[in-house]
Amino acid sequence: ALLLVLGACLELSGLPGGALVEADLEQEPQAFIRELPQWVKDQALETSQYPLLPSAKQGRRTVSNFERFWTAGLGLLAPRDLLQSRLLAELYRWLLVLPTTGLRSLRHSATVAAMSFVDALGMHHKALKNMQDTVERQLAARHSLSERQAAQLQRDLDEAIATAEEIGKVRTTLLET
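Parameters and conventions
Residues numbered from 1 in each chain as written. Predicted model: local features only at pLDDT ≥ 70, side-chain atom pairs only at ≥ 80, totals over all residues. Heavy atoms only, no water. Core = buried A, V, L, I, M, F, W, Y, C linked by side-chain atoms within 4.5 Å. Buried < 20%, exposed > 50% of the residue type's maximum accessible area, 1.4 Å probe, protein only. Helix = DSSP H or I, 4+ residues; strand = E, 2+ residues; numbered from the N terminus. Contact = heavy atoms within 4.5 Å. 1 Å grid on protein atoms, 1.4 Å probe; cavity = no way out; pocket = protein on both sides within 12 Å on 5 of 7 lines; lining within 4 Å. Points joined across faces, edges and corners; volume = space filled by probe spheres on them. Nonpolar A, V, L, I, M, F, W, Y, C, P; charged D, E, K, R; others polar.

Report on the nonpolar core, specifying residues and quantitative values.
If you look at the biggest cluster of nonpolar residues, it comprises 46 residues, and the most contacted ones within it are F66, W70, L88, L91, W94 and F117. Looking at this core, the elements that each hand over two or more residues are α1 (2–11), α3 (29–42), α4 (59–75), α5 (79–84), α6 (87–97), α7 (104–140) and α8 (147–176). Among the elements that make up this core, the one with the highest residue count is α7 (10 residues). Residues contacting L91, with those up to four places away along its chain left out, are L2, V5, W70, L74 and F117. Judged by nonpolar contacts, the second largest core, of five residues, contains V135, L139, A150 and L153.

So what's going on with empty space enclosed by the protein? Which residues, and what values?
Taken as a whole, this structure holds one cavity of 30 Å³ or more when the rule is applied. Of the volumes computed, that of the largest cavity is approximately 30 Å³. Lining the largest cavity are L6, L10, L20, F32, W94 and L98. For the lining of the largest cavity, the class distribution of residues is six nonpolar, no polar and no charged.

So, to be careful, I would describe these as geometric facts and stop short of saying anything about function.
Below is the structure:
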């Protein structure tokens, strides 16, 4: 999944999807970024015109669709699944570095992806905070709960708090960079 979404980011920056291969995901993103300009020169690629370029025909619509792709795609995943699958950590690792490249087109598409990623994380964070508030209210009305129900609600609350904190940290770090 990581290869596909990062490949889309590369393709929308005017680079071929094959620029990033499975082996690249095993190395540090900084190494990929360092080697990319030379690879682009060797391939004689022109990156000044790319699908996300705002002045290109359909460019603004493509940017809007790309933003929705990231927001909807990540928004549909459960926060716990994002954390357990390591997808959140890997996307974070790559999206933190890709906007630092010297290739303007990739910097643009990576920034659009990172900001949309932040939006999706914000939606998850808000939903987890709402869940936390609801569970806290339910726990406050303990007199109507059995011990088993109260214990389950407490586990749900602890998980929501931990997940919200982790997602909030990733979101804040991406926003600050």
